[in-house]
Amino acid sequence: MNRMAILYGLLALPMVAIAQQKTVDQRVDSVLALMTLDEMIGQMNLFTSDWAVTGPTLRENYKADIQAGKVGAIFNAHTAEYNRELQRMAVEETRLGIPLIFGYDVIHGYKTITPVPLGEAASWDLEAIERAARIAAEEATAAGLHWTFAPMVDIARDPRWGRIMEGAGEDPYLGELIAAARVKGFQGDDIAAVNTLIACAKHFAAYGAAQAGRDYHTVDISERTLRELYLPPFKAALDAGVYTFMTSFNELDGVPATANAHLLREILREEWGFDGFVVTDYTSINEMVPHGYAADDQQAAMQAVNAGVDMDMQGATFYDHLKALVADGNVSEDRIREAVGDILRVKFQLGLFDDPYRYSNTDREQNNIMTERQLADAQDIARKSTVLLKNEGQVLPLAKDMGTLAVIGPLADSQDDLLGAWRGAGEADQAVSLLSGIKEKLGEGVRILYAKGAEIEGEDRSGFKAAELAAMEADAVVLAVGEGSWMSGEAASRGMIGLPGVQTDLVKAIVATGKPVVVVLMNGRPLAIPWIAENAPAILETWFAGTRGGPAIADVLFGDYNPSGKLPVTFPRHEAQIPIFYAAKNTGRPMDPNNKYTSKYLDIPNTPLYPFGYGLSYTTFAYSNLKVDQSEFRAGESLTVSVQLANTGKRTGKETVQLYIRDLVGSTTRPLRELKAFRQVALDAGESQTVSFELEPETFKFFDAKMEFRAEPGDFEIYVGGDSNAKEMVKVKLVER
Ligand code: GLC
């Protein structure tokens, strides 16, 4: 008899249950009551299939493990057919037939790849970001997947760190909103629906604070910095209903996150009330041995499970050691039951016990992947992600009826790099390159010359001549330079963050022709490009723009979309400034160019190349008349701030109006600026509008000297403008009730 029938039979025995529609917890308890210790431990193992490699080790016999009831979830396996077969093994060939969960890194798309998350963050468009996650969920669930290891919500202030491409940049407020948007996009309103994925808030926690921007490196930050900077996006993901958390590779204050009870039990479970399940990162339990926190895998397994880890990704430490740890009393059977209960609850909520094969539907797979709408949405978010960094002499937008256009550079005709890192099942040959996107837009009317000019890496300058000749023949030049897609993402930190290879020399050679040159950047991190910033007439930041990146960038270059992106992360002038970010402290000796004894360098400025929140438009905006509804407000009261925004240019544009506060005196020092609100406003040429913000009391709170989250009476400055250097300022005073 089908094993599921046994399970259902046992579950359905109390007739009254049918009438009362057993609660999920009752159903979980019914299954737990049937399980042996071996079967419970089996649910705590997550193994990769051999379809993709996303970590240092692989396991040969994962199918045999499934058949032996020793696997709770599989990752890196997809397509409806393949996952149906693996699911069949679990459901038909094990004693209890408990279904598997299938997970995958659907970070910025499954097949239709949207811009890398740092690029999407540059749109500051929460609806578009949520929509991008929805596309990903629609496609991934059509391919038999239930679970994405996303959103990555790690705040990052160090552009040397390759995984900065995977998150939402340097700011916790923007990071919170984007974390919530991504969770909602993936999970929708009902995770039992066949087109929604369960999400995973990762990497818990403070992975982005890796020393020197070197991946997997040590993290040593204060509890205050942890709570003010790194935890808020995780809490926002939890408040948005995220079903799983993933522990990070790094240690935090001497204790690896994967066995950090302060994080996993005190904060996540007791303070925040999380009731999903916690999975580790790839073999991060085993890595506690090299961390020097465990003598061997058995001790590491004990530390992790007792700290609150429910599922071991690829480490097989639970697989190998949990039974013995329970036998010798180092791990209680109750703790095993608690972990398995968390996992089973999610499987019930996914509807997998009702129909384990519901996500493996080849019809849906045929009709719900890379549809016209999904591709159009991907192009839309890609357009919105571009940031106009410079446009001297209004070189942009380019005319569609020019005679000859030169398209140059190692990234100009690349399809593969457009997909960036963590591209899921995206295929390069389905991406439309910038060159193709330009040709698609201009048709036969314009003569287009193409020259690669140089490779992304290496010292070969032999292509420069042909590139210069092409530029000389053209009315304008689009010059696409940047990083290879492999130069950001996991295990891809860069010590030097200028353009790799000889690309800067290529830019110099093309700029020297005197032609109108538009530098198009394709990159997964901020780049230190001071010469280009100084000398190129126009610069467009496009990140890795995804499957429809070429057409999206062409839309912006030729004015069919007015760029509206704003930087979610600071661009340094030089690596030596790192870490550099807008929400810095004033220090006791703030920089004064006329006083030697103040905080500055002898050889480089303190200011960044481009500040957080910066981005130009093909039109211009002016801010005026900033005011508050009361110059004094009481703790607990809200405050209304308003500003006049005018479109002073010649075409419609969208501005992201940003509001920052500065708490002038506190029981702990406060940053010079903190983003606390923003609004995207579209205005026609000549139009103006009053933009108002209702600041709730929460806005003014921080972790005070006693680590209590509260607002303190005193003076505040409120800045409103188009980036973190906003000049319009109004003072307000918070008074005791
Ligand atoms: C990787 C990454 C993590 C990813 C996991 C599964 O090492 O750190 O973000 O989800 O392994 O691929």
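Just so we're clear, the structure is a prediction, and the values are computed from it rather than from any experiment.

Quick notes on the confidence of the model for the protein
Within the protein, residue pLDDT values average 96, and 97% of them lie at 70 or more. Long-range and interchain partners of residues 8-20, a stretch whose pLDDT sits below 50, account for ten contacts in this model, where long-range means more than four residues apart.

Overview of the domain arrangement of the protein
When its domains are assigned, the protein resolves into domain 1 (372-557) and domain 2 (621-735). Computed over C-alpha atoms only, the centres of domain 1 and domain 2 are separated by 36 Å.

Remarks on unusual backbone geometry
Cis geometry is adopted by the peptide bond preceding Pro 151, which originates at Ala 150 and carries an omega value of 10 degrees. With respect to the helices and strands, the residue Pro 151 is situated in the loop between β4 (147-148) and α9 (172-187). Between Phe 204 and Ala 205 the backbone carries a cis peptide bond, its omega angle lying at 5 degrees. Along the chain, Ala 205 falls in the loop between β5 (200-204) and α10 (223-230). Not every positive phi belongs to a glycine, and Ala 316 is a case in point at roughly 60 degrees.

A short note on the site of the ligand
Close to the ligand lie 14 residues; Thr 54, Asp 105, Arg 163, His 203 and Asp 281 are nearest. One of the side-chain N or O atoms of Lys 202 is found 2.7 Å from an oxygen atom in the ligand. Here an oxygen atom of the ligand and a side-chain polar atom of His 203 are 2.7 Å apart. Burial of the ligand by the surrounding chains reaches 100%, relative to a free accessible area of 310 Å². With respect to the detected pockets, the ligand is housed in the largest cavity. Each residue belonging to the shell around the ligand can be placed in one class, and the counts come to seven nonpolar, two polar and five charged.

Concerning the pairing of strand β16 (residues 538-541)
Burial of the side chains of β16 extends over both faces: Ala 538 and Leu 540 are buried on one face and Ile 539 and Glu 541 on the other. Pairing geometry for strand β11 (residues 387-391) and β16, over four bridges, is antiparallel. In the sheet register, Val 387 faces β16, and the bridge partner there is Glu 541. Note: strand β15 (residues 517-522) against β16, four bridges, orientation parallel. Across the sheet, residue Val 519 finds its bridge partner in β16, namely Ile 539.

Remarks on the UniProt feature "domain: Fibronectin type III-like" (unreviewed entry) in the protein
Mapped onto this structure's residue numbering, the UniProt feature "domain: Fibronectin type III-like" (unreviewed entry) falls at residues 655-724. Along residues 655-724, the helical share is 0% and the strand share 56%, with 14 Å between the first and last C-alpha atoms.

Focus on the pattern of salt bridges
Applying the stated rule across the entire model yields 54 salt bridges. Between Arg 494 and Glu 483 there is a salt bridge whose closest N-O contact spans 2.7 Å. Taken together, the positions of Arg 494 in the loop between β14 (476-482) and α21 (503-511) and Glu 483 in the loop between β14 and α21 put the pair eleven residues apart, joining distant regions of the chain. One exposure class covers both Arg 494 and Glu 483, and it is buried.

Points about the sheet that holds strand β10 (residues 312-313)
The strands making up a sheet associate through hydrogen bonds between their backbones, and the pairing can be parallel or antiparallel. Spatial strand order, β4-β3-β2-β1-β10: five strands in an open sheet with parallel pairing. Because the sheet does not close on itself, it has two edges, and the strands there are β4 and β10. Relative to strand β2 (residues 73-75), strand β1 (residues 45-48) is paired through three bridges, and the arrangement is parallel. Paired with Leu 46 across the two strands is Ala 73, which belongs to β2.

With respect to the environment of Val 24
Turning to its location among the elements, Val 24 is positioned in helix α3 (residues 24-34). In sequence terms Val 24 and Ser 667 are 643 residues apart; their C-alpha atoms lie 47 Å from each other. Other than its neighbours up to four places away in sequence, Val 24 contacts Arg 345, Phe 348 and Gln 349.

With respect to the layout of surface pockets
For the second largest pocket, the calculated volume is near 890 Å³. Lining the second largest pocket are 30 residues, and of these Phe 581, Ala 584, Asn 606, Thr 607 and Leu 672 sit closest to its centre. Looking at the lining of the second largest pocket residue by residue, the classes come out as 16 nonpolar, nine polar and five charged.

Considerations on the sheet that holds strand β26 (residues 728-735)
Strands sit in the order β18-β26-β25-β20-β21 across an open sheet of five strands; the sheet is mixed. Edge strands, defined here as strands with exactly one partner in the open sheet, are β18 (632-634) and β21 (674-683). Neighbouring strand axes in the sheet, compared pairwise and without regard to direction, differ in orientation by 25 degrees on average. Taken together, the three bridges between β18 and β26 define a ladder with parallel strand orientation. Its bridge partner lying in β26, Phe 633 is registered against Leu 734.

A few points about the side chain of Glu 39
Summarising the element assignment, Glu 39 is placed in helix α4 (residues 37-43). Of note is the side chain of Glu 39, whose polar atom sits 2.9 Å from the backbone nitrogen of Thr 36. Those residues in contact with Glu 39 that sit more than four places away from it in its chain are Leu 34, Gly 69, Arg 95 and Leu 96.

A closer look at the pairing of strand β3 (residues 101-104)
By the alternation rule, side chains of β3 split into Ile 101 and Gly 103 and Phe 102 and Tyr 104, which are all buried. Taken together, the three bridges between β2 and β3 define a ladder with parallel strand orientation. By the bridge assignment, Phe 75 is partnered in β3 with Gly 103. At this point the chain moves from β2, through helix α6 (residues 80-93), to the parallel β3, and the crossover so formed is right-handed.

What counts as what
- Residues numbered from 1 in each chain as written.
- Predicted model: local features only at pLDDT ≥ 70, side-chain atom pairs only at ≥ 80, totals over all residues.
- Heavy atoms only, no water.
- pLDDT = per-residue confidence, 0-100.
- Contact = heavy atoms within 4.5 Å.
- Domains from an automatic or database assignment.
- Helix = DSSP H or I, 4+ residues; strand = E, 2+ residues; numbered from the N terminus.
- Near = heavy atom within 4 Å.
- Polar contact = N/O pair within 3.5 Å; in protein donor to acceptor, adjacent residues only side chain to side chain.
- Areas by Shrake-Rupley, 256 points an atom, 1.4 Å probe, with all protein chains shown as cover.
- 1 Å grid on protein atoms, 1.4 Å probe; cavity = no way out; pocket = protein on both sides within 12 Å on 5 of 7 lines; lining within 4 Å.
- Sits in = over half its atoms within 2 Å of the grid points.
- Nonpolar A, V, L, I, M, F, W, Y, C, P; charged D, E, K, R; others polar.
- Buried < 20%, exposed > 50% of the residue type's maximum accessible area, 1.4 Å probe, protein only.
- Pairing = 2+ DSSP bridges.
- UniProt positions renumbered as here; feature names shortened; annotations may be inferred.
- Salt bridge = Lys/Arg side-chain N within 4 Å of Asp/Glu carboxyl O.
- Points joined across faces, edges and corners; volume = space filled by probe spheres on them.
- Axes fitted to C-alpha atoms, helices over the stretch in contact; angles between N-to-C directions.
- Right-handed = clockwise from strand over helix to strand, strands pointing away.

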